[in-house]
Structures are given as C-alpha cells and as structure tokens.
Amino acid sequence: LNILAIESSCDETAAAVVHNGREVLSNIISSQIDLHKLYGGVVPEIASRKHIEKINQVIEEALKEADVTLDDIDVVGVTYGPGLVGALLVGVAEAKAIAFARNLPLVGVHHIEGHISANYIEHPDLEPPFLCLVASGGHTHLVCVREYGKYEILGRTRDDAAGEAYDKVARAIGLGYPGGPKIDRISKEGNPDAVKFPKAHIEGAEYDFSFSGLKSAVLNYINGCKMKGESFDPADIAASFQKAVVEVLVENSMKAVEDYGMYKFAIAGGVASNTALRAAMKQACEEKGVKFYHPSPVYCTDNAAMIGAAAFYEYLSGTRHGWDLNAVPNLKLGER
Ligand code: ATP
Ligand code: MG
Ligand code: FE
C-alpha cells in the first residue's frame, strides 16, 4: 500500500511516498529557512505563500524519485494540525484535490503523531507499547504510545518548548536562526560546567517541563556580563544551557520509563537530532536495560515521510477524512 504524504505545517514544504508505513520510497523537503532567517523566525504569511509556490513541484519530485505515478498511490495522507493555519491549509487543499480527483481515501494526520511515527521508518522491530519524548520547536511532550494511533500524554511543557528555548538562547548569544543545530555544534567546544543554570522540576507533576526560567537565566547572565563590561564565551554558555536542558529531558523521561515499567523508549522531533541528548538518552537507557530508539536527523525535523508512516497506521485503524477536512491549528493529539 503506497501513501502519498504531504506536510506543510510550518516552514518546510514536504512530500513523500511511503510503502506499507515503513519503507520510504522518496522524501522531498523544500525548506524555507533561508527566507525566514532574515527575520529571526518564521513569518506566517511568507510561509503560506512559499508553500503555494513549491507544493506542486515537491509532489512531482516525490513521485518521480519513488519511480511511481499517481496510478500507484492508494492513499493520500496530510498534516492537518497543529501548526500555522495558512501553511496547513496549503497542504490540506492540495491533498483534498489529489484525493478527490483520483478517487483515493484521504487521511488527515496530527503533526506530532507524525514526529512519533518517524521512529517506525528505520526500526522494523518497534511496535507499541512504548514511551516517546517529543521535543520540537513547538512541543515538549512525554507520550505513552499504547497502540498504533492511541496516545496518552504523561507530561508536557508548561511554557516554552525545548526547541523554542534553543532558538531563543541561540539568538541571545548571536548565533542566528534556527538555533538548535548551532548550539549543538558550538557546545562541543564549550565547558558544560562553566555556568550553573537552573533546572526546573515541577512539584506534583514530575513528567512536566518548564524551560522559560532557564531561558531567562541565560538571558540575565548574558545581560549581566554586558553591563559589567565582562566578556563571555558563547561556547561555554551554549554548553551549560544544553546540559541543563538535556538533564531535565533525561531525568523526567527515565522517571516515566521506571514508573510505567516500559522497556522501549523513543525520542522524536527536531531536538531529537541533538547529539548531546542522543548520547545522554542512550546511556540512561542502557543503564536501565531499556531499548532506545531514535530517528535519523532527516526524520527528526519536519518531513513528509513521518506523515506517511503515521497515515498508514491511521488508515489501517479505519481513519478516513471527508472533503470537508479543514486545517486545525491547535489540534490535540489523539483527536479526530
Ligand atoms: P512542532 O513540530 O512542535 O510543530 P516544528 O515543526 O517547528 O515544531 P521541528 O521541525 O520538529 O519543529 O524541529 C525544529 C526545532 O528543532 C527547532 O526549534 C530547532 O532549533 C530544533 N533543533 C533542530 N536540530 C537541533 C539540534 N541538533 N539540537 C537542538 N535543537 C535542534
Ligand atoms: Mg521547520
Ligand atoms: Fe515539527
């Protein structure tokens, strides 16, 4: 069963052809990063316009690279939320048009379900139940995947997402957008114990996260240095900030692994490509005898292959959307 999957929730226009949910025949991503970095972040109106310009070309390329035509496609899958409404609408309208014209079933997918499902692509042995930490630009969720398509959110961030904190700290130390990969790189030259930044643990909600206090502490530290006329080493700050983020993500995740008696643990979302987080999670899981899963970096950040993987299991469980499918910018995980 071949799925044509489309993703346009933020600033990547992406299309993929995925066979039986786990075999990626093509995965085309057109990123708008160069446009948005002029503004230090994603500008929604520019994102929508660029998606419209790119989407047909990206889909054509995905079909070509997979060496198929629309005749070989069985299902159309598309992200319909959460995300930027104008950006989502481009993918949703395109998916509806193709499905209607070709008389194909249409399956709308939750973007975070896509991020989680990215783990299925390279791990044929991974099946629910398992725990998954989703850490991306807009989400930090600790999720129990009970069955395919059945999610229980154990914890979430109370304020900033982990990726958002990376991006804001990167901007403050002058690294530019998007900050995550840059902090990852420069941290390797810094001392993670140079500055002790606070780690937030929330009383009575031990799986929840909070990153805004940490972000403010970093900003205050930098401003303090500037006021005193002292210089600071961006690599040390990046490494110290990253250490605090990674420790909290690992601690809360391992607490959940223990409490839920899970022996399979996965990470997902853009921050899951972070080298320090991967290394720390791998070690923590090994110590507990828990099997650790993570997607390759290209499947961590936004892509359509992950949407194809999620759409496959949604399709198998009977999910079908009608021609009235709409973009839902604040769609909740597990909603239909
Ligand atoms: P969401 O999925 O929550 O809607 P999004 O789609 O914008 O948000 P993703 O594409 O999953 O987010 O991930 C982008 C985020 O991941 C950005 O915040 C980016 O800084 C962060 N990121 C990417 N690579 C790394 C890295 N190596 N280390 C840390 N953060 C990273
Ligand atoms: Mg993006
Ligand atoms: Fe994403």
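Values in this document were obtained by computation on a predicted structure and should not be read as measured data. (Residues numbered from 1 in each chain as written. Chains lettered and ligands numbered in written order. Predicted model: local features only at pLDDT ≥ 70, side-chain atom pairs only at ≥ 80, totals over all residues.)

## A closer look at the site of ligand 1
As a reminder, the rule being used: In this analysis a residue is considered near a molecule or strand if the C-beta atom, reconstructed from its backbone, is found within 6 Å of that molecule or strand. Helix and strand assignments follow DSSP, with helices taken as H or I runs no shorter than four residues and strands as E runs no shorter than two, numbered in order from the N terminus. Residues were grouped as follows: Ala, Val, Leu, Ile, Met, Phe, Trp, Tyr, Cys and Pro as nonpolar; Asp, Glu, Lys and Arg as charged; and all remaining residues, including Gly, as polar.
Around ligand 1 sit 24 residues in total, of which Gly137, Gly138, Gly163, Gly180 and Gly270 are the nearest. Every element with two or more residues in the shell around ligand 1 is listed here: α4 (111–122), α5 (162–172) and α6 (179–187). Here the shell around ligand 1 is composed, by residue class, of five nonpolar, 16 polar and three charged.

## As for the environment of isoleucine 28
The following threshold applies: With C-beta atoms placed from the backbone, the exposure class of a residue follows from how many other C-beta atoms lie within 10 Å of its own: 20 or more, buried; 12 or fewer, exposed; in between, partly exposed. In this description, a residue-residue contact is defined by the distance between C-beta atoms placed from the backbone, which must lie within 7 Å.
Summarising the element assignment, isoleucine 28 is placed in strand β3 (residues 23–31). On the basis of neighbour counts, which here come to 23 C-beta atoms within 10 Å, the residue isoleucine 28 falls in the buried class. For the pair formed by isoleucine 28 and asparagine 2, sequence separation is 26 residues and the distance between their alpha carbons is 16 Å. Each residue touching isoleucine 28, except ones within four places of it in the same chain, is listed here: Ala14, Ala15, Ala16, Val58, Glu61, Ala62 and Glu65.

## What about the pairing of strand β1 (residues 2–7)?
Basically, it comes down to this: Only when DSSP finds a minimum of two bridges between them are two strands counted as paired.
Among the six residues of β1, five are classified as buried, and the element is accordingly described as predominantly covered. Note: β1 against strand β2 (residues 12–19), six bridges, orientation antiparallel. Paired with isoleucine 3 across the bridge in β2 is valine 18. Here β1 folds back onto β2, and the loop between the two strands holds four residues. Relative to strand β4 (residues 75–81), β1 runs parallel, the two sharing four bridges. Bridge pairing in β4 links isoleucine 6 to valine 78.

## What to know about the UniProt feature "binding site: Fe cation" (unreviewed entry) in the protein chain
Defined as follows: UniProt positions are given in the numbering used here, feature names are shortened, and annotations may be inferred rather than shown by experiment.
According to UniProt, the "binding site: Fe cation" (unreviewed entry) feature falls on His111, His115 and Asp302. The greatest C-alpha distance among the residues just named is 8.9 Å, despite their covering 192 residues of sequence, which places them together in space. Relative to the helices and strands, histidine 111 is located in helix α4. Given 26 C-beta atoms within 10 Å, histidine 111 falls into the buried group. Contact partners of histidine 111, with chain neighbours within four places excluded, come to Ser9, Thr79, Gly81, Pro82 and Gly83.

## Some thoughts on the UniProt feature "domain: Gcp-like" (unreviewed entry) in the protein chain
The UniProt record marks residues 23–308 with the feature "domain: Gcp-like" (unreviewed entry), using the residue numbering of this structure. Across residues 23–308, the secondary structure splits into 49% helix and 17% strand, with the terminal C-alpha atoms separated by 10 Å.

## A few points about the packing of helix α2 (residues 44–66) against helix α3 (residues 85–102)
Two quantities define a packed helix pair, namely the angle between the axes and the distance from one axis to the other. Selection criterion: Every axis in this analysis is a line fitted to C-alpha atoms, fitted for helices over the stretch in contact. Angles between the N-to-C directions lie between 0 and 180 degrees. Here is the rule for angles: anything less than 35 degrees is roughly parallel, anything more than 145 is roughly antiparallel, 65 through 115 is roughly perpendicular, and the remaining ranges are oblique. Two helices that cross are described as forming a left-handed crossing if the nearer one is turned anticlockwise from the farther one by less than a right angle, and a right-handed crossing if clockwise.
Viewed as axis vectors pointing N to C, α2 and α3 meet at an angle of 20°, and their least axial separation amounts to 7 Å. With respect to their mutual orientation, α2 and α3 come out roughly parallel. Helix-helix and strand crossings are classified by hand; for α2 and α3 the assignment is right-handed. Contacts between α2 and α3 involve Pro44, Glu45, Ala47, Ser48, His51, Ile52 and Ile55 from the former and Gly86, Ala87, Val90 and Glu94 from the latter. By residue class, the composition of the contact of α2 with α3 is six nonpolar, three polar and two charged.

## Topic: the pairing of strand β6 (residues 130–135)
The buried fraction of β6 amounts to six of the six residues, a majority that puts the element mostly inside the structure. A two-sided burial pattern is seen for β6, the buried positions comprising Phe130, Cys132 and Val134 on one face and Leu131, Leu133 and Ala135 on the other. Where β6 and strand β7 (residues 140–147) come together, six bridges link them in antiparallel fashion. Note on β7: the bridge partner recorded for valine 134 is histidine 141. Taken together, β6 and the strand that follows it, β7, pair antiparallel across an intervening segment of four residues. Examined bridge by bridge, β6 and strand β9 (residues 264–268) share four bridges and lie parallel to one another. Residue pairing for β9: leucine 131 is matched across the bridge by phenylalanine 265.

## Regarding the nonpolar core
Here is the rule we go by: We call a set of buried Ala, Val, Leu, Ile, Met, Phe, Trp, Tyr and Cys residues a nonpolar core when their C-beta atoms link them within 7 Å.
Within the largest apolar cluster, 100 residues are counted, with the highest numbers of intra-cluster contacts made by Ala5, Ala15, Ala16, Cys132, Val245, Ala305 and Ala311. Among the elements that line this core, the one with the most residues is helix α8 (residues 234–259), at 11 residues. Those residues in contact with valine 245 that lie beyond four places of it in its chain are Ala162, Ala165, Phe211 and Leu214.

## Describing the sheet that holds β7
Across the sheet, which stays open at both edges, the five strands sit in the order β8-β7-β6-β9-β10 with mixed pairing between neighbours. In the strand order of this sheet, the two ends are held by β8 (150–156) and β10 (291–293), each with one partner. Across the sheet, the mean angle separating the axes of adjacent strands is 25° when strand polarity is ignored. Contacting β9 and β10, helix α9 (residues 275–288) crosses the sheet at an angle of about 160° to β10.

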